[in-house]
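# Descriptive structure summary
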Amino acid sequence: MGSKIIGVGMYAPPKIMTNNDFAKMVDTNDEWISTRTGIRERHIAEPGTATSDLCLEASRRALTDAGVDPKELDFLVVGTLTPDMPFPSTGCFLQMKLGADRAYAMDVSAACSGFVYSLSVADALVRAGRGKKGLVVGAEILSTVVDYTDRGTCILFGDGAGAAVIAECEEGDGVLSCHLHSDGSLWELIHCPGGGTVDPCNPGTSTVRTNFIRMAGNETFKHAVTRMAEVSLEALERNGVTVADVDLYIPHQANQRIVKAVGKRIGIPEEKVFVNLDRYGNTSAASIPIALAEAKEKGRYSKGDLVLLAAFGGGLTWGSALLRM
Ligand code: UT7
């Protein structure tokens, strides 16, 4: 048996920050942000919002789309780099809030590759007989870890959540394959140093501003293009299909220039590439499931279509998944 996505949903908090809002905070402007990144606005959660609150909204929508009751769920997997707390997992908070009493729950930490990693875990759980129905969520409140004094990073990120209900299906349908890779030796390119055991962020022990994202943008950019292209082709090759067979390509939404460069490398026409980063910015683990939900709503794929997902993020981590919808 395999697993298949049978429902999707997304949620972004209502508050929006435009490029002009950033021009009032740091030395930047709408023209630089739009041309260098393609981002025009991003959604920002109100203080006091928990990541599991965003998960809950997206999950309810995905469950409605799938026609599945939370009590039918066997497991929940949440990909996030901004959990509610170090522990328990955001998955456990989501389980409680959803009333998914029968489900076991966990988080997966793979930064911006969080959804593809979580989907791969969920698919493996179904294949191993550890459940027949589950929820896979990517969710972030990146505004809690963004340094709003650093123009090189603060303009990039947004908050949101996307969810997919997966269920057991016949082999050869649904998730055809997942491909995951990591390179821990490049951890420094994009990371958040504080809040863990290395720098616990206890009063008096933390060094200044360690609880924020740090990124070597230019270097990260190059790895993102190379790795996302590679892992996309790996998925096609494994399944004996070509890029011409792909109906929709959903790459991680980090930067319009990255998306364009990856698309060019793998040779997919622009009209088959889904882009919504202009309205959400980079939402890390949430970017792909938000895009999946929007793509469905806009009729960008239908039953039987081949959809290719490709992710890249801190770790470094990268991965792809080929789906028969
Ligand atoms: O999600 C997971 C992975 N994340 C990514 O894949 C993000 C990858 N990186 C990027 O998207 C891009 O590297 C950035 C958008 C972050 C930066 O774009 P870039 O074209 O790589 O610019 P850069 O870092 O090479 O900087 C070029 C110039 C610098 O000024 P000087 O040194 O040439 O005078 C920066 O200080 O642009 C300056 N700059 C800005 N100027 C206006 C950097 N950020 C800004 C800004 N507004 N917000």
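Remember, predicted model here, so these are calculated numbers, not experimental data.

## Section: the overall build of the protein
Across its full length, the protein holds 10 helices and 13 strands. Radius of gyration (C-alpha) of the protein: 18 Å, near the 20 Å computed for a compact globule of 325 residues. By its C-alpha atoms, the protein is 55 × 45 × 35 Å across when sized along the principal axes. Considering the protein as a whole, with its 325 residues, one finds that 56% of them fall into the buried category. Taking contacts inside the protein between residues at least 6 apart in sequence as the whole, the part at least 24 apart equals 76%. When the accessible surface of the protein is summed, it comes to about 13500 Å², and 52% of that surface belongs to carbon and sulfur atoms. Averaging the locations of the 32 positively and 39 negatively charged side chains of the protein gives two centres separated by 2 Å.

## Here we look at unusual backbone geometry
That bond from phenylalanine 87 to proline 88 is cis: its omega, 0 degrees, falls within 30 degrees of zero. Of note, the amide linkage connecting glycine 315 to leucine 316 takes the cis form, showing an omega dihedral of -10 degrees. In this fold, leucine 316 is placed in the loop between β12 (306-313) and β13 (317-324). Backbone geometry places alanine 111, a non-glycine residue, at a positive phi of 50 degrees. A positive phi angle, close to 55 degrees, is found at serine 284, a residue other than glycine. On the secondary structure map, serine 284 appears in the loop between α9 (277-280) and α10 (287-297).

## Regarding the environment of valine 307
Along the chain, the position of valine 307 falls in strand β12. Exposure remark for valine 307: the relative accessible area of 0% places this residue in the buried category. Placed 220 residues apart in sequence, valine 307 and phenylalanine 87 show a C-alpha to C-alpha distance of 34 Å. Dropping the residues within four chain positions of it, valine 307 is found in contact with Leu248, Ile250, Tyr301, Ala321, Leu322, Leu323 and Met325.

## Some points on the domain arrangement of the protein
It is common to report an interface's size as the accessible area lost on association of the parts. Parsing the protein into structural domains produces domain 1 (2-171) and domain 2 (176-324). For domain 1 versus domain 2, the distance between C-alpha centres works out to 13 Å. In this assembly, domain 1 packs against domain 2 so that about 3600 Å² is buried in total across both faces, 65% of it on carbon and sulfur atoms. For the domain 1 face of the interface with domain 2, the top three residues by lost area are Cys112, Val116 and Tyr117, together amounting to 18%. On the surface where domain 1 and domain 2 come into contact, there are 1 salt bridge. Taken together, domain 1 and domain 2 are joined by 18 residue pairs in polar contact (both at pLDDT 80 or more). Sorting elements by how many residues they give to the side of domain 1 that touches domain 2 places helix α5 (residues 114-127) first, with 7 residues. In terms of residue class, the side of domain 1 that touches domain 2 is built from 21 nonpolar, 18 polar and 10 charged.

## Concerning the nonpolar core
Membership of the largest hydrophobic core comes to 43 residues, with the highest contact counts inside it found for Leu236, Tyr249, Ile258, Val262, Ile268, Leu308 and Leu322. Element by element, the count of residues in this core is highest for helix α7 (residues 217-238), at 8 residues. Counting contributing residues per domain, this core is built from domain 1 (2-171) and domain 2 (176-324), each supplying no fewer than three. Counting 38 residues, the second largest nonpolar core, distinct from the first, contains Val8, Ile166, Cys178 and Val307.

## Digging into the packing of aromatic side chains
Tallied over the full model, the rule gives 2 aromatic pairs. With a centroid separation of 6.2 Å and 25 degrees between ring planes, the pair formed by phenylalanine 22 and tyrosine 148 is classed as stacked. Highlighted residues: phenylalanine 22 in helix α1 (residues 19-23) and tyrosine 148 in the loop between β6 (133-140) and α6 (151-154), separated in sequence by 126 residues. Residue classification places tyrosine 148 among the partly exposed positions, given a relative accessible area of 23%. Considering the side-chain rings of phenylalanine 75 and tyrosine 104, the 5.8 Å spacing of their centres and the 35 degrees angle between planes classify their relative orientation as tilted. One end of the pair, phenylalanine 75, is in strand β4 (residues 75-79); the other, tyrosine 104, is in strand β5 (residues 104-108), with 29 residues separating them in the sequence. Here phenylalanine 75 falls in the buried class, since its relative accessible area comes to 0%.

## Overview of helix α4 (residues 90-98)
An α-helix turns once every 3.6 residues. As a result, residues three or four positions apart point the same way. Those residues of α4 lying buried are Thr90, Gly91, Phe93, Leu94 and Leu98. Looking straight down α4, one finds that the buried residues subtend no more than 160 degrees of arc, so they occupy a single side. Where α4 is buried, its residues contact α3 (51-66), β4, β5 and β6. Looking one or two residues past α4, glycine 99 carries a phi angle of roughly 70 degrees, positive in sign.

Calculation rules
Residues numbered from 1 in each chain as written. Predicted model: local features only at pLDDT ≥ 70, side-chain atom pairs only at ≥ 80, totals over all residues. Heavy atoms only, no water. Helix = DSSP H or I, 4+ residues; strand = E, 2+ residues; numbered from the N terminus. Rg over C-alpha atoms; globule rule 2.2 N^0.38 Å. Buried < 20%, exposed > 50% of the residue type's maximum accessible area, 1.4 Å probe, protein only. Contact = heavy atoms within 4.5 Å. Areas by Shrake-Rupley, 256 points an atom, 1.4 Å probe, with all protein chains shown as cover. Lys, Arg positive; Asp, Glu negative; His and termini not counted. Charge placed at Lys NZ, Arg CZ, Asp CG, Glu CD. Domains from an automatic or database assignment. Buried area = accessible area lost by both parts, 1.4 Å probe. Salt bridge = Lys/Arg side-chain N within 4 Å of Asp/Glu carboxyl O. Polar contact = N/O pair within 3.5 Å; in protein donor to acceptor, adjacent residues only side chain to side chain. Nonpolar A, V, L, I, M, F, W, Y, C, P; charged D, E, K, R; others polar. Core = buried A, V, L, I, M, F, W, Y, C linked by side-chain atoms within 4.5 Å. Phe/Tyr/Trp six-rings, centres within 6.5 Å; stacked < 30°, edge-to-face > 60°. Arc of directions from axis to C-beta.

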